[in-house]
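A structural walkthrough
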Amino acid sequence: LEFRRVLFRSVQPGAMGPCMCVTPLAVFDFDRTRREMRLKSVHPGVSVDTLLKQTGFQPIIPDKVPETEPPRPEEMRLLREVIDREGVLRRMIP
């Protein structure tokens, strides 16, 4: 299976591009000095090795990669009722 889809990209006001990228496998942020994507966390059940096999580029990998925290109830409500009312994002995740 290919997991190269981006589910959410965040852009900070005044930034010269995105500041965060959320995929079905992990969360990335950006190293502004090196101008490269950096792995911020992997989702539950996903290893760094699995992520790298499914990623078409080499991100910066920190020494310790935490597991992504699950969304809080308010975040889930916003995703389901405001951001993705039609459930498009849910259908993208196997």
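Residues numbered from 1 in each chain as written. Predicted model: local features only at pLDDT ≥ 70, side-chain atom pairs only at ≥ 80, totals over all residues. Heavy atoms only, no water.

A few words now on the overall build of the protein chain. Looking only at helices and strands, one finds three helices and four strands in the protein chain. With 94 residues in all, the protein chain has 30% of them scored as buried. Long-range contacts, defined here as pairs at least 24 residues apart, represent 27% of the contacts in the protein chain between residues at least 6 apart. Accessible surface for the protein chain amounts to roughly 7,100 Å². Of this, 55% is attributable to carbon and sulfur atoms. (Helix = DSSP H or I, 4+ residues; strand = E, 2+ residues; numbered from the N terminus. Buried < 20%, exposed > 50% of the residue type's maximum accessible area, 1.4 Å probe, protein only. Contact = heavy atoms within 4.5 Å. Areas by Shrake-Rupley, 256 points an atom, 1.4 Å probe, with all protein chains shown as cover.)

Core analysis: the biggest nonpolar cluster contains nine residues, these being Cys-21, Leu-25, Ala-26, Phe-28, Met-37, Leu-39, Val-42, Val-46 and Leu-51. Those elements that place two or more of their residues in this core are strand E3 (26-31) and strand E4 (36-42). The element contributing the most residues to this core is E4, with three residues. With near-sequence residues (within four places) excluded, Ala-26 lies in contact with Cys-21, Leu-39, Ser-41, Val-42, His-43 and Leu-51. (Core = buried A, V, L, I, M, F, W, Y, C linked by side-chain atoms within 4.5 Å.)

This part takes up the confidence of the model for the protein chain. Averaged over all residues, the pLDDT of the protein chain is 83; the fraction at 70 or higher stands at 80%. Looking across the protein chain, the model is least confident in strand E1 (residues 8-11), with a mean pLDDT of 52, and most confident in E4, with 95. Scored below 50 in pLDDT, residues 1-6 makes 14 contacts in the model with residues more than four places away or belonging to other chains. (pLDDT = per-residue confidence, 0-100.)

The next subject is the pairing of strand E2 (residues 18-22). The pairing of E2 with E3 spans three bridges and is antiparallel. Residue pairing for E3: Cys-21 is matched across the bridge by Phe-28. Counted between consecutive antiparallel strands, the loop separating E2 from E3 contains three residues. (Pairing = 2+ DSSP bridges.)

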